[in-house]
Amino acid sequence: REQVMGVFRSLIFLLSFRLLHVAKGSTVWLNKNGYEDLVVAINPQVPEDANIILNVMNMIKNASNYLFEMTKHRFFFKSVKIIIPKTWKKNINYSRLKTESYDKADVIIADPYIKHGDDPYTLQYGGCKEKGRYIHFTPNFLLNDKLANVYGEKGRVFVHEWAHYRWGVFDEYSSDMPFYVSRNSKAASVEATSCPAGVAGIPVFQDCSGDKCEPRSCRYDGQLYEKGCMFIPDIRQNIPCSVMYLQYVLSVVEFCDKNTHNSEAPNMQNKMCNHKSTWEVIMESDDFRNSTVVNASAPPSETTFRLLQTQDRAVALVLDVSGSMSMHDRIRHLRSAAEAFLLHIIEIGSWVAIVTFDSDASEKAPLQQITDDAARQKLVQCLPIIASGKTNICAGIRKGLKLIADKMNTTYGSEIVLLTDGEDSGIATCLDLVKQSGAKIHTIALGPLAAKELEDFSTLTGGLKLYAVDGAVHNKLTMTFSAITSGSGDISEQSIQLESKELLVKHSGWMNTTVPVDKTVGNDTFFSVAWSLSQPFFFLRDPKGKEHGSSDFTIDNSNPNTARLSISGTAEVGDWQFCIKNLHTATQAISVTATSRPAYSDVPPVSIAAHVNRANRAFNPVVVYAEVSQGFLPVLGATVIATIEKDGAAAVTLELLDNGAGADTMKNDGIYSRYFTSLQGTGRYSLKVNAHGRNTTTRLSLKRNRALSLLGYRENGKIYMNAPRPKFADKEIKVKLGSFSRISTSSLVVNTGGDSAPIYPPCKVTDLHAHIENKTIVLSWTAPGGDLDNGKADHYIIKSSGNLLDLRNHFDHATSVNSSNLIPKEAGREESFKIKLENFIIKNDTVIYFAIRAVDDTKLISEVSNIAQTTWFVPPKASVPLEYDGNNEGADSTVIVAIVAVCVTVVCTIVSSTLCVLQKRKGRVDFETMQ
């Protein structure tokens, strides 16, 4: 009973926390079955082309009709906003932005920064039923009508991506495993990975040399078709196909539901959603619960569009100078952090005003444009140095909005950075004003006693919600300010944090820190050293060995505990080494900070974005995510460390992983993840994530969750091949970045309703695989932890069954596999377990499914793992091929290939190991190549 009550308390606890600076903040809402306020944003580096706007409109209009049909007359697109970049010409038809921005758009249109990268995709961090981050289309996808031959009609593609983005469903095809051995019928057979099962088509391989390709039959590699064998579907199917499988086929009129779903297929939908159909997942969404079927043959209204244009950035710093800000050196730290923001973080060309408030508000600097370093220094001189009085947050907000309106004649599209450490009972009095202002409010809670309602301003306006822990030096608050960069999508002027480190250094002790500057950054590079008691001895050595001593740094009389050095021009690529010695008689805190900007306007820098979310799975745990990328390409192989702090508690450090296990949804997608299980009571938590790579070739990966491109199709017995997709050269996939380091910050707030720590079971195993070795079944997986993906489980329960769904639904009643001698390893390590074949009755067409659960030392049990499959299958004799007339208008090449039998081993969501007797025959089928 105590165990059950503990779990119940944990569930109540987990449901009670809110997240800060988490979700991207989509403003889409469902209004009588119609989606309103969908935001599409065009990247500032996209050349101006009015056809992009027209084609976006046509795509979404068509998508609205398709969505209505495919969701059984339930959903459509009602209103859309398109953000035009500031780099495009002004137009009287363009309205001013309010709180919309590129970085919070639902759909972004941007170049992929890699040749031939036109695949539409949706960035998904989380698991099944969790919303995505954004949908990405390239300008070429929208402008090049020939790509309809590759992806299908644009409206259908949009519906495919919308389902990823809005409802958290996954692809029903598999590029890694296009075929598998099926037991849907009495005898085993080879089928294409599809939904529904039984899609008609033919397996084909293309031998390519340069731009010339010769299609032929797929050969065996011992058990499978050779790598690169692809399934060419019939363009006209006798059964309805799912939009999450073949969005380009004309018979796509639905999502697979419970009756049509192919639960055997080794695709991401089955892996991530526990073999549920996409329609079942959609039916469990809030959208479905809040909608009804529309009794009409078409959407009730056409999609409407508003065009908005980005303007110059206008920011008012609204800073608390009440009496409590004199505690813990807060006013000094505020000045230092705000100084760094004005000098090195906010972009050139921005407009800035400064307001302070205690019981009333004061104008320190009217709204003025940052045009050069002198303008930055002028604003710095207006920062506060004295704190006294009470706290009136609304007075500060009103003054900030007034200063913006005085200069811009509107507050639409502006920003307020609101920092406070105190409570204020009058916050509610200005919420309506804030809502009507069209301004975005970023909140910074400083210390443990900032008003609990503070984040309401950010929630209302889509601003950032940030929190800084009190410290002996200002670097934590400076790091928080560094998160407040422009949301316009223009990376060329954006500040990038390279390092932020603080240590307690003993008398005569050294703090040595290496700050790598990689080739994607280097402009406006700035280093600083800060100390809590007295100035240490220090110098900075550049990659060529030149030393910058303390006399080369600038120390401001108004900020005597910080030394700054700005590097002129573009900083030298390589390791910059700080050597710092504490000369004070006592231990003191010393910190190092480094920021830079991109080296090139047309080369995206390596970047990191930290996020926190509540996973939509059992126990609703907190997940820390960090996306490491260069442009839109994931960066693989980085070391990513998260540090989570709370006032009055020890810092917790986690290594985030991109291994496809535990909290990490997908391996090698550049999104590094980990569960945060060390919550320490009620309060705000700050998150710092550091990503770094050391002198290795950084691998870049293409995005997952893409719309399937049409490699070819068969019509009336003839096969038409699209021009082959260009293979990426090694230099396009592997980039020598050298060493790099990046910092990102985020926050969360938790209300536990008590002091009890949450209780977690082991996390679900999501990468269980099976294969046969020397008459032995070998199971392998990544070890879960005792608390989700942290620590170590106590033991495993392994079960087997001849029926996949029986094993999923009735795990406890399935046949047990003796694993008593298997001792779990630490979370994240590879596990392996061998099962002798003599324990099973084996004959041709035998299929055995395996699943696993982990148990911790308090008897809490994980969810059932993904299901692994082993199959004994002897393929039939090769079919006698049909010969077709090769004469057809527009044919560029005619190639004869065979229809062959197959022996497949699935090593994916469903993993199949197959003992095959292979038979090969030659035959003939006609092909045509489409341009």
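Residues numbered from 1 in each chain as written. Predicted model: local features only at pLDDT ≥ 70, side-chain atom pairs only at ≥ 80, totals over all residues. Heavy atoms only, no water.

A short note on the pattern of salt bridges
To be explicit about the condition: We count a salt bridge whenever a side-chain nitrogen from Lys or Arg sits within 4 Å of a carboxyl oxygen from Asp or Glu. Here's how the labels work: a residue is buried when its accessible area is under 20% of the maximum for its type, exposed when over 50%, partly exposed in between, all with a 1.4 Å probe on protein chains only. Numbering of helices and strands runs from the N terminus, with a helix taken as a DSSP run of H or I at least four residues long and a strand as a DSSP run of E at least two residues long.
Scanning the model with the defined rule gives 28 salt bridges in all. The salt bridge partner of Arg216 is Asp207, with a shortest N-O separation of 2.6 Å. Classification of Asp207 by relative accessible area gives partly exposed; the value is 35%. In this structure, Glu455 engages Arg684 in a salt bridge whose closest nitrogen and oxygen atoms are separated by 2.8 Å. Separated by 229 residues along the polypeptide, Glu455 in helix H13 (residues 455–461) and Arg684 in strand S40 (residues 683–693) bring together distant segments of the chain. When salt bridges with common partners are traced through the structure, they connect Asp37, Lys81 and Glu100 into a single cluster.

Notes on the confidence of the model for the protein
This is how the line gets drawn: pLDDT expresses how confident the predictor is about each individual residue, on a scale running from 0 to 100. Two residues qualify as a contact provided that any one of their heavy atoms is within 4.5 Å of a heavy atom in the partner residue.
Averaged over every residue, the pLDDT of the protein is 86; the share at 70 or more is 86%. Scored below 50 in pLDDT, residues 1–23 makes 60 contacts in the model with residues more than four places away or belonging to other chains. Note on residues 877–931: pLDDT under 50 across the span, and 186 contacts to partners over four residues away in sequence or across chains.

Looking at unusual backbone geometry
A cis amide bond links Cys195 to the next residue, Pro196, at an omega of 5°. Among the secondary structure elements, Pro196 is positioned in the loop between strand S12 (189–192) and strand S13 (201–209). The phi torsion at Asn668 lies on the positive side, around 55°, for a residue other than glycine. Structurally, the position occupied by Asn668 is in the loop between strand S38 (652–656) and strand S39 (671–676). Even without glycine at this site, Leu788 takes up a positive phi of about 55°. Following the sequence through the fold, Leu788 ends up in the loop between strand S47 (776–782) and strand S48 (795–801).

What about the state of the cysteines?
Our working rule: Any cysteine sulfur atom paired with another within 2.5 Å is treated as part of a disulfide.
Scanning the model with the defined rule gives four disulfides in all. Residue pairing for Cys218: its cysteine sulfur links by disulfide to Cys229, the two sulfurs lying 2.1 Å apart. Between Cys218 and Cys229, the S-S torsion sits near 90°, and that sign places the bridge as right-handed. Placement of Cys218 in the loop between strand S14 (212–216) and strand S15 (230–233) and of Cys229 in the loop between S14 and S15 is noted, with a sequence separation of eleven residues between them. The buried category is assigned to Cys229, whose relative accessible area is 7%. Note on cysteine connectivity: Cys394 is disulfide-linked to Cys430, with sulfurs 2.1 Å apart. Classification of the bridge connecting Cys394 and Cys430 rests on its S-S torsion, roughly -75°, and on that basis the disulfide is left-handed.

Here's the deal with a nonpolar patch on the surface
To keep it simple, the criterion reads: Patch members must show over 30% relative accessible area and no salt bridge, and they are joined within 9 Å when carrying like charges or within 5 Å when they are nonpolar side chains of Val, Leu, Ile, Met, Phe, Trp or Tyr. The Shrake-Rupley method, run with a 1.4 Å probe, gives the accessible areas here. Residue values count only the displayed protein chains as cover.
Residues Trp510, Phe537 and Leu583 make up a contiguous nonpolar surface patch of roughly 310 Å² in combined accessible area. Here Trp510 is to be found in strand S26 (residues 510–517).

Quick notes on the sheet that holds strand S30 (residues 554–556)
Here is the rule: For two strands to be treated as a pair, DSSP must find no fewer than two bridges joining them. Simply put, an axis is a line fit to the C-alpha atoms, just over the touching stretch for a helix, and the angle between two N-to-C directions goes from 0 to 180 degrees.
One open sheet holds the five strands; their spatial order is S25-S33-S27-S31-S30, and the pairing between them is antiparallel. In the strand order of this sheet, the two ends are held by strand S25 (496–505) and S30, each with one partner. Sheet twist, expressed as the mean angle between neighbouring strand axes with direction ignored, is 20°. The sheet contacts of helix H9 (residues 330–345) involve strand S27 (521–531), S30, strand S31 (559–566) and strand S33 (588–598), and relative to S31 the element is tilted by about 15°.

Regarding the nonpolar core
Defined as follows: Throughout, nonpolar core names a set of buried Ala, Val, Leu, Ile, Met, Phe, Trp, Tyr and Cys residues whose side chains join them through atoms within 4.5 Å.
Residues Ile82, Phe158, Trp162, Trp167 and Phe255 are the most contacted members of the largest nonpolar core, which totals 78 residues. If you tally residues by element for this core, the top one is helix H2 (residues 50–70), at ten residues. Sequence-distant contacts of Phe255, defined by excluding residues within four places in its chain, comprise Met70, Thr71, Val159, Ala163, Trp167, Ser242, Val243, Met244, Thr278, Trp279 and Ile282. Grouped together as the second largest cluster of nonpolar side chains are 51 residues, Tyr102, Tyr125, Tyr134 and Leu654 included.

Quick word on the sheet that holds S14
The antiparallel open sheet is built from three strands, whose spatial order is S14-S13-S15. Of all the strands in the sheet, the pair left with one neighbour each is S14 and S15. Between one strand axis and the next, the sheet turns by 45° as a mean value, whatever way the strands run. Across five bridges, the pairing between S13 and S14 is antiparallel. Bridge pairing links Phe205 to Arg216 in S14.

Overview of the environment of Glu226
Residue position: Glu226 is located in the loop between S14 and S15. As for Glu226 and Phe205, which are separated by 21 residues in sequence, their C-alpha atoms are 8.5 Å apart.

With respect to the pairing of S31
With six of eight residues buried, S31 lies mostly within the body of the structure. When S27 meets S31, the two strands line up antiparallel, connected through five bridges. Residue pairing for S31: Phe526 is matched across the bridge by Ser566. Pairing between S30 and S31: two bridges, direction antiparallel. Its bridge partner lying in S31, Asp556 is registered against Asn559. Hairpin connection between S30 and S31: a loop of two residues separates the two successive antiparallel strands.

What about the pairing of strand S10 (residues 134–137)?
Alternating positions in S10 separate into two faces, Tyr134 and His136 on one and Ile135 and Phe137 on the other, with burial throughout. In terms of strand pairing, strand S8 (residues 107–109) meets S10 through three bridges, oriented parallel. In the strand pairing of S10, Ile109 is matched with Phe137. Taken together, the three bridges between strand S9 (residues 121–123) and S10 define a ladder with antiparallel strand orientation. Each residue of the ladder has a partner; that of Tyr121, found in S10, is His136.

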